[in-house]
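Fold and contact review
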Amino acid sequence: MAQLGKKISQNALGMLPWILLWFLGNVDLTEGSLGDRSYIYQRCLRSCRNENCTKTASLQHFQETQSWIEGQLQWSCENECEYQCMWKTVEAFQKDDIAIPQFHGKWPFVRVFGIQEPASVIFSVLNGLCHLRILSYRKAVPRSTPLFYVWHVVAFIGLHAWTWSTIFHSRDFPFTEKMDYFCAFSLVLANLGSLICRVLGTRNVTRLALVLLTLLLFYLQHIYYLAAIKFDYGYNMKINIGVGFVNLLGWLLWCWRHWKTLPHTRKCLAVMVGMNVLLLLEVLDFPPIWWTFDAHSLWHAGTVPLGVLWYSFIIDDGIYLAKQENSKKLP
């Protein structure tokens, strides 16, 4: 079994560069969308706005008939026109046997209680709740254990990132979009930081502080570029994939090194390979199933059980590190 596991980890290491190159080569960097540029959509939008959003009586009727939750989520008359015209355009495309188009870079989703992407919202909430397993970690692992506080920081960053993912998928505004991207990258870097802490240890505080400071400066530079210079989707995607690849490669090497001595490396390997496989969903994009489940939401769904397994791994690893610390204290 040990030889089989080692062979699997070696195969996973060999596949990683090819999957990364294939992914980067297939990232769609286009910003426009066929649906919102179509004549049908533009004609419908002009007509709807002229009839419903320019006259006082029409606006008053819209406000009176709009549901409370949609009002709270700031669905304006213009936004409602965009939503209704989106579905008229989809219907027209389907009648002519034309592929379902995207609108403003997104697939058409059925709105539920004012929420734009209900499936992604639910799965983002579940991913955030996974980080509450840090409470189980606190009960199982002594405070004096190496990485005890490191995992608490990662859990906090994870909760923060998935909260903004929930907000963004509920209602897409320029601000919520930027916060989702910025916080997602903070979690990617936090995971890389945890790997560095696990490999280098936490005893040499000066060395560790320099490494983590470098990661922080890299994060700030990346955010500054996106916020102040150019919000470049392609650049952001490639940076995230690049850092994520380093993290995956690092953990796989760690698993390979400790495969025979630490049984819980199996859990780490399963998470790393699972994340790699789920990455393919970001390339194999398709119109939402039942206008609800697109590839991105299914990617969010897949990371939920992996998050649970990951916390099981760090609890096991924390118990192991605690035993190692206690053995060193014995006379």
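The residue numbers shown here count from 1 along each chain, following its written sequence. Where local features are concerned, this predicted model is filtered to residues with pLDDT of at least 70; where side-chain atom pairs are given and counted, the filter is 80 or more; whole-chain, interface and lining totals use all residues. Values reported for side chains reflect all heavy atoms of the structure, with hydrogen atoms and water molecules removed beforehand.

1. A short note on the confidence of the model for the protein
pLDDT is a residue-level measure of predictor confidence that goes from 0 to 100. Of all residues in the protein, 89% have pLDDT values of 70 or greater, and the mean over the chain is 88. Helix and strand definitions here come from DSSP, where helices need a minimum of 4 consecutive H or I residues and strands a minimum of 2 consecutive E residues; each element is numbered from the N-terminal end. Element-level mean pLDDT values for the protein span from 46 in helix 1 (residues 2-26) up to 97 in helix 7 (residues 118-130). Contacts: residue pairs with any heavy atoms within 4.5 Å of one another. Predicted confidence for residues 1-10 stays below pLDDT 50, and this span has twelve contacts to residues more than four positions away or in other chains. Residue range residues 12-31 is modelled with pLDDT below 50. Its contacts to residues more than four positions away, or to other chains, number 29 contacts.

2. Some words on the nonpolar core
Among buried residues, those of type Ala, Val, Leu, Ile, Met, Phe, Trp, Tyr and Cys that are joined through side-chain atoms within 4.5 Å constitute a nonpolar core. Burial status follows relative accessibility: with a 1.4 Å probe on protein chains alone, a residue under 20% of its type maximum counts as buried, one over 50% as exposed, and anything between as partly exposed. Of all hydrophobic cores here, the largest spans 52 residues; its most connected members are Y137, W151, W251, M272 and W310. Elements supplying a minimum of two residues to this core: helix 8 (134-140), helix 9 (148-170), helix 10 (174-200), helix 11 (205-229), helix 12 (233-258), helix 13 (265-278) and helix 14 (295-329). Once residues lying within four places of it in the same chain are set aside, the contact partners of M272 are L248, W251, L252 and W310. In terms of nonpolar packing, the next biggest core, distinct from the first, is built from 17 residues, C44, L45, W87 and V90 among them.

3. Concerning the packing of aromatic side chains
Between 30 and 60 degrees the pair is tilted, below 30 it is stacked and above 60 it is edge-to-face, where a pair is any two Phe, Tyr or Trp rings, Trp via its six-membered ring, whose centres lie within 6.5 Å. For the coordinates displayed, the defined rule picks out 22 aromatic pairs. One aromatic cluster in this structure is built from W151, W251, W254, W310 and F313. Criterion for a charge above a ring: Arg CZ or Lys NZ at most 6 Å from the ring centre, at most 35 degrees from the ring normal. The ring of W75 has R111 lying over it, and the distance from NZ or CZ to the ring centre is 4.4 Å. The ring centre of Y83 lies 4.1 Å from the NZ or CZ of R111, which sits over that ring.

4. What about the packing of helix 3 (residues 39-52) against helix 6 (residues 77-95)?
Helix 6 packs onto helix 3 with a crossing angle of 145° between their chain directions and a minimal axis gap of 9 Å. Judged by the twist between their axes, the crossing of helix 3 over helix 6 is right-handed. Touching I40, Y41, C44, L45, C48, R49 and N52 of helix 3 are C77, E78, C81, E82, C85, M86, K88, T89 and A92, all from helix 6. For the contact of helix 3 with helix 6, the class distribution of residues is ten nonpolar, two polar and four charged. Orientation is described by lines fitted to C-alpha atoms, with helices fitted over the stretch in contact, and by angles between N-to-C directions that extend from 0 to 180 degrees. By convention the crossing between two helices is left-handed if the near helix lies anticlockwise of the far one by an angle smaller than a right angle, and right-handed if it lies clockwise. Charged means Asp, Glu, Lys or Arg here, nonpolar means Ala, Val, Leu, Ile, Met, Phe, Trp, Tyr, Cys or Pro, and polar covers whatever is left, Gly included.

5. Describing the side chain of S38
Relative to the helices and strands, S38 is located in the loop between helix 2 (34-37) and helix 3. For S38, the residues in contact, after removing those within four places along its chain, are T89 and F93.

6. Observations concerning the layout of surface pockets
Every definition here rests on a 1 Å grid over the protein atoms only: cavities are sets of points where a 1.4 Å probe fits but cannot get out, pockets are open sets enclosed by protein on both sides within 12 Å along at least five of seven lines, and lining residues have some atom within 4 Å of a point. Grid points are joined across faces, edges and corners, and a volume is the space filled by probe spheres set on the points. In this structure, the second largest pocket occupies an estimated 340 Å³ of space. Lining the second largest pocket are 15 residues, with V153, I157, L189, A190 and L212 positioned closest to its centre. Of all the elements in the fold, those that place two or more residues in the lining of the second largest pocket are helix 9, helix 10 and helix 11. In terms of residue count, the dominant contributor to the lining of the second largest pocket is helix 10 (six residues). Class assignment for the residues of the lining of the second largest pocket results in twelve nonpolar, three polar and no charged.

7. So, the state of the cysteines
Disulfide assignment relies on a single distance test, namely cysteine sulfur atoms paired within 2.5 Å. Scanning all chains against the criterion turns up three disulfides. Between the sulfur of C44 and that of C85 lies a disulfide, 2.1 Å long from S to S. Every disulfide takes its handedness from the sign of the S-S torsion; for C44 and C85 that torsion is -80°, giving left-handed. Note that C44 is positioned in helix 3 and C85 in helix 6, a separation of 41 residues in sequence. Here C44 matches C85 in class, with each residue buried. One disulfide bridge connects C53 with C77, the sulfur atoms lying 2.0 Å from each other. With the S-S dihedral at roughly -85°, the linkage between C53 and C77 falls on the left-handed side. On the criterion of sequence distance, the pair formed by C53 in the loop between helix 3 and helix 4 (56-65) and C77 in helix 6 is long-range, its members being 24 residues apart. The residues C53 and C77 share a single accessibility class, namely buried.

8. Considerations on the environment of P287
By the element assignment, P287 lies in the loop between helix 13 and helix 14. Overall, the relative accessible area of 33% leaves P287 in the partly exposed class. In contact with P287, not counting residues within four places along its chain, are I100, W107 and F293.

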